[in-house]
Amino acid sequence: MFDDARLSYGALNQRANQLAHQLIAMGTRPGDPVGVLLPRSADLVVAVLAVIKAGAAYLPIANDPVWVAFINEKPAAPASRVTPSKRGGASDK
């Protein structure tokens, strides 16, 4: 439970599996960094678990425009990003 959001273990597992499969379908490979830009929430827990299930590396990204621009310009920029969206999914670069 976070704030008013409740998530059972079954729902957590289902959502994390769904996002992990989406990351893999987008080309995320084991060891790839996946940037996660989410506030503390149930969605953050889902995203981190999904990254781990995909075999990738979780890269927390601070919600700061300068830091986000810096990360995206680096040669080792994340292969994928998980950000807030209406669909609750991942986005590619």
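Residues numbered from 1 in each chain as written. Predicted model: local features only at pLDDT ≥ 70, side-chain atom pairs only at ≥ 80, totals over all residues. Heavy atoms only, no water.

Novice: It is not clear to me how the pattern of salt bridges should be interpreted in this structure. Could you clarify?
Specialist: Opposite charge on two side chains makes pairing possible when the charged atoms of those side chains draw close. Inspection of the entire model under this criterion finds 2 salt bridges. With its nearest N and O atoms 3.7 Å apart, the salt bridge here joins Asp32 to Arg29. Since its relative accessible area comes to 12%, Asp32 is described here as buried. (Salt bridge = Lys/Arg side-chain N within 4 Å of Asp/Glu carboxyl O. Buried < 20%, exposed > 50% of the residue type's maximum accessible area, 1.4 Å probe, protein only.)

Novice: Is there a simple way to think about helix H2 (residues 42-53) in this case?
Specialist: Residues lying three or four places apart along an α-helix face the same way, a consequence of the helix completing one turn every 3.6 residues. End to end, H2 covers 16 Å across 12 residues, agreeing with the expected 16 Å (1.5 Å per residue, within 8%). Those residues of H2 that sit buried are Ala42, Leu44, Val46, Ala47, Ala50 and Val51. The N-capping residue of H2, defined by a side-chain oxygen 3.3 Å from the backbone nitrogen of Asp43, is Ser41. Looking one or two residues past H2, Gly55 carries a phi angle of roughly 85°, positive in sign. (Helix = DSSP H or I, 4+ residues; strand = E, 2+ residues; numbered from the N terminus. Expected span 1.5 Å × (residues − 1). Polar contact = N/O pair within 3.5 Å; in protein donor to acceptor, adjacent residues only side chain to side chain.)

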